Amino acid sequence: MSASRRSGATDELGPDEPGASGEPGGSDLLAALLDGMDAALCAFDAAGVVTHWNREAERILGWSAKDAVGRHGFAGWAVRTADAEEVQARLLSAMRAPGRQVHEFALLTKDGGRVLVRTQSAAVRGADGEPAGVYCAFSEVHAQIDLERSIALSEALFEDAEWGVVLVDADLRPAVVNAHASRAFGIGRASALGRPLGELLAQGVEELEAALTHVLAEGAPPAPAEVWVTLRSPAEGEQRRCWRNAFLPLASPLAEEPVPLGVGWLFTDVTEAKRGEQEAALLRFRTKQLHRAARAAAECEDPLEAATVHLDYALAGFADHALIDRLADAPRTPDAAGAVRLVRLAATPAGAPGPSVLTGAAGLPVRYEPGHPALSCVERTGCVRAEAGSVPPELAREWALRRQWPGDAVHALCAVLRSRGRTLGVVTFLRGAARTPFERSDASYAEDVALRIAAALDLARATREP
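Criteria and cut-off values
Residues numbered from 1 in each chain as written. Predicted model: local features only at pLDDT ≥ 70, side-chain atom pairs only at ≥ 80, totals over all residues. Heavy atoms only, no water. Pairing = 2+ DSSP bridges. Helix = DSSP H or I, 4+ residues; strand = E, 2+ residues; numbered from the N terminus. Axes fitted to C-alpha atoms, helices over the stretch in contact; angles between N-to-C directions. Contact = heavy atoms within 4.5 Å. Buried < 20%, exposed > 50% of the residue type's maximum accessible area, 1.4 Å probe, protein only.

Strand order in this open sheet of 5 strands is E2-E1-E5-E4-E3, and the pairing throughout is antiparallel. Two strands close off the open sheet at either side, each with one partner strand: strand E2 (50-53) and strand E3 (101-108). Direction aside, neighbouring strands of the sheet carry axes that sit 30° apart on average. Note: E3 against strand E4 (residues 114-125), 8 bridges, orientation antiparallel. By the bridge assignment, Ala-106 is partnered in E4 with Leu-116. Across the sheet, helix H5 (residues 81-92) lies against strand E1 (40-45), E3, E4 and strand E5 (131-140), angled at about 150° from E3, the strand it touches most.

What follows concerns unusual backbone geometry. Although it is not a glycine, Thr-381 adopts a positive phi angle of roughly 50°. Its location among the elements puts Thr-381 in the loop between helix H12 (373-380) and strand E15 (384-387). We note that Arg-420 has phi near 55°; this positive angle belongs to a residue other than glycine. By the secondary structure assignment, Arg-420 is in the loop between strand E16 (411-419) and strand E17 (422-431). Given a relative accessible area of 62%, Arg-420 falls into the exposed group.

Note: strand E6 (residues 164-168) against strand E7 (residues 174-177), 3 bridges, orientation antiparallel. Across the sheet, Leu-167 pairs through a bridge with Val-176, a residue of E7. Connecting E6 to the next strand, E7, in antiparallel fashion are 5 residues, including Leu-172 with a positive phi near 65°.

Below you can see the structure in the form of structure tokens.
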């Protein structure tokens, strides 16, 4: 039974008392509802007498329902005497105003402290439609501000955030998607809801789903995780991007035990920064390799051995195989004409890894077919790239062997060897199917290596000529 019924301050709270059947009456149900509310609630009749006081109000102020119900206003107990008249007038003004009225003022606790509360009050109408009293719900201001901040933060994240925000349910399907995330997916916000991540991403789905499953089971990871994903874009095709992801487990605050509601997934695109870091690290490594190669080659008495040293140092992390072909005739000038013939000078072992081996003592030309990338490189005096393309392994092997390369080569890069204005030969770098094709930055590095090899070959030729 409610506190007001126990005190006799009101005549009727709802339906009749429980009957013989033992079913709960309206007053018991009303008391249970009031006491179970998360907000503090009190009510006044038309004369300003307190008629209701729930447990949350008792928790905040310390005054029990027995202390509060039946008192006339808050004067002398819940507010200072100097403020009582103003507080009473502001609360009761809700009977004459439409809608709810919001006020803030300080209330006194039972132990003499003060609590700043925010109240929402509204009129209670009788059966005849006339004001019969006022109900007032209140909470501590800091708790209300925390709630409002949480709501404001949620709205900002889902509207104006520079990060993508996705709420993923327990089945790993997007339940809410903000505007930034929908642009990243290349799909409308409503269209992404409820769809498996595999329909939104072409690659990287396994890593993301594993991370989300871990968060649901174990909690949030200690640091953001970077994942490379491939997006499906109808207009631009597949795009590979790097996302930095943060994950937050979501649990219901209303359950006695934490009930997982899903995962809050926040991500931002760091592709350009990541590629910049990778390019800078690669440039540092290649610069160090060139420096090490120069120091090692300086200790070689034979210039041809110095050329193979440069080739071996360049191979690390760059290619799987490498070849040096020299011109069979005299060094070629830009205005030279006639067929180009190349002799294999050095090559890396085709089987097990090891240092380059000098070959071609017999001086027999390599059987390169017309239009071979190495021949084109000499004719153009510039880099030439070639690749087998997306073909079965058998055709890729045939493509490599027909060009006199190891059978596992699928990507090739030929750089011309030039010194003192003359072409001396070609250096060829080869990659297998496990590596990416050669890019423009790779061609620049190959040219740097070719300059050093060409200088060594030119020195060897100059020292051996009469």
